[in-house]
Amino acid sequence: MWMPCQGEADRFEQEVLKGGVVALPGAIDLLNQIRESSSTNPGWTIVTSATNVYTPQTLSQAGIQVSPFTPVTTANDVTHGKPHPAPFLTGAESLNVDPTKCLAIEDAVNGVISGKASGPRTLAPSTTTPCEVLAASRGPS
């Protein structure tokens, strides 16, 4: 699938990598606990607006181990990106899980909208977007 402005997206992603990517405190422990308690699949997936080139690099840089069995949904995998519900629906489908049984953790406005529209409960930590902006994007409960 061709993505408009791909060159600019690639440049931006490389700049972010130069600055360093770190996992939020407790994130790796949480992912490991989920993985250990899940008997049928990895128990979690990544759903990101980033590309399939950038995503593995950032996960590795942040110390997040993704096994070959952990599905990852990137911008390259969906026709409609966030705020459309397709990315999170694709992520839930990749785990063979009902989206309403999932928890979407999302720190961007379009991601919160996408998460809410696709069915899971959506947790919005204010890591990159102020609380007030995230709260306004959540839509009806």
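As shown above, the structure is provided for reference.
What counts as what
- Residues numbered from 1 in each chain as written.
- Predicted model: local features only at pLDDT ≥ 70, side-chain atom pairs only at ≥ 80, totals over all residues.
- Heavy atoms only, no water.
- Helix = DSSP H or I, 4+ residues; strand = E, 2+ residues; numbered from the N terminus.
- Rg over C-alpha atoms; globule rule 2.2 N^0.38 Å.
- Buried < 20%, exposed > 50% of the residue type's maximum accessible area, 1.4 Å probe, protein only.
- Contact = heavy atoms within 4.5 Å.
- Areas by Shrake-Rupley, 256 points an atom, 1.4 Å probe, with all protein chains shown as cover.
- Lys, Arg positive; Asp, Glu negative; His and termini not counted.
- Charge placed at Lys NZ, Arg CZ, Asp CG, Glu CD.
- Salt bridge = Lys/Arg side-chain N within 4 Å of Asp/Glu carboxyl O.
- Axes fitted to C-alpha atoms, helices over the stretch in contact; angles between N-to-C directions.
- Parallel < 35°, antiparallel > 145°, perpendicular 65-115°, else oblique.
- Left-handed = near helix turned anticlockwise from the far one by under 90°.
- Nonpolar A, V, L, I, M, F, W, Y, C, P; charged D, E, K, R; others polar.
- Core = buried A, V, L, I, M, F, W, Y, C linked by side-chain atoms within 4.5 Å.
- Arc of directions from axis to C-beta.

Visitor: Where do I start with the overall build of the protein chain in this structure?
Guide: When its secondary structure is counted, the protein chain shows six helices and four strands. Traced from its N-terminal end to its C-terminal end, the protein chain shows the element sequence α-α-β-α-β-α-β-α-β-α. Relative to the compact-globule value of 14 Å for 141 residues, the protein chain shows a C-alpha radius of gyration of 15 Å, a close match. Structurally, the protein chain occupies a C-alpha span of about 40 × 35 × 30 Å along its principal axes. For the protein chain, with 141 residues in total, the buried portion stands at 31%. Within the protein chain, contacts between residues separated by at least 24 positions form 55% of all contacts whose residues are at least 6 apart in sequence. When the accessible surface of the protein chain is summed, it comes to about 8700 Å², and 57% of that surface belongs to carbon and sulfur atoms. Both charge centroids of the protein chain, one from 8 positive and one from 12 negative side chains, sit 7 Å from each other.

Visitor: I keep staring at the pattern of salt bridges and nothing clicks. Help me out?
Guide: Side-chain pairing between opposite charges can occur once the charged atoms of the two side chains come close. According to the stated counting rule, one finds one salt bridge in the structure shown. Between Lys-82 and Glu-106 there is a salt bridge, with its nearest N and O atoms 2.9 Å apart. Linking Lys-82 in the loop between strand 2 (72-73) and helix 4 (86-94) with Glu-106 in the loop between strand 3 (103-105) and helix 5 (109-118), this pair joins segments that are 24 residues apart in sequence. Neither residue differs from the other here; Lys-82 and Glu-106 are each classed as buried.

Visitor: Looking at this model, I keep getting lost on unusual backbone geometry. Mind explaining?
Guide: A negative phi holds for most residues other than glycine; trans holds for most peptide bonds. A cis geometry characterises the amide bond from Lys-82 onward to Pro-83, with omega recorded as 20 degrees. Note that Pro-83 resides in the loop between strand 2 and helix 4.

Visitor: Looking at this structure, how should I read the packing of helix 4 against helix 5?
Guide: Packed helices, taken two at a time, are described by the angle their axes make and the gap between the axes. Orientation of helix 4 relative to helix 5, taken along the N-to-C sense of each, is 55 degrees, at an axis distance of 7 Å. Between helix 4 and helix 5, the crossing angle belongs to the class labelled oblique. As for how helix 4 packs across helix 5, the hand of that crossing is right-handed. Together, Pro-87, Phe-88 and Leu-89 of helix 4 and Gly-111, Ser-114, Gly-115 and Ser-118 of helix 5 make up the contact between the two elements. Split into classes, the residues belonging to the contact of helix 4 with helix 5 amount to three nonpolar, four polar and no charged.

Visitor: What should I look at first to understand the nonpolar core in this one?
Guide: Across soluble globular proteins, nonpolar side chains show a tendency to be buried alongside one another. In this structure, Leu-17, Val-21, Leu-31, Trp-44, Ile-46, Ala-50, Tyr-54, Leu-59, Ala-62 and Ile-64 together form the largest nonpolar core, which totals ten residues. Discounting residues that sit within four places of it in the chain, Ala-50 has contacts with Glu-13, Thr-55, Thr-74, Ala-75 and Asn-76.

Visitor: Can you walk me through helix 3 (residues 54-61) in this structure?
Guide: Note that an α-helix has 3.6 residues per turn; residues three or four places apart therefore point the same way. Listed in full, the buried residues belonging to helix 3 are Tyr-54, Thr-55, Thr-58 and Leu-59. Seen from one end, helix 3 has its buried residues packed into an arc of 125 degrees, which puts them on one side. Of the residues flanking the end of helix 3, it is Gly-63, one or two places downstream, whose phi is positive at about 85 degrees.

Visitor: So what exactly am I meant to see when it comes to the side chain of Thr-48 here?
Guide: Secondary-structure assignment places Thr-48 in the loop between strand 1 (46-47) and helix 3. Those residues in contact with Thr-48, other than ones at most four positions away along the chain, are Thr-55, Thr-73, Thr-74, Ala-75 and Lys-82.

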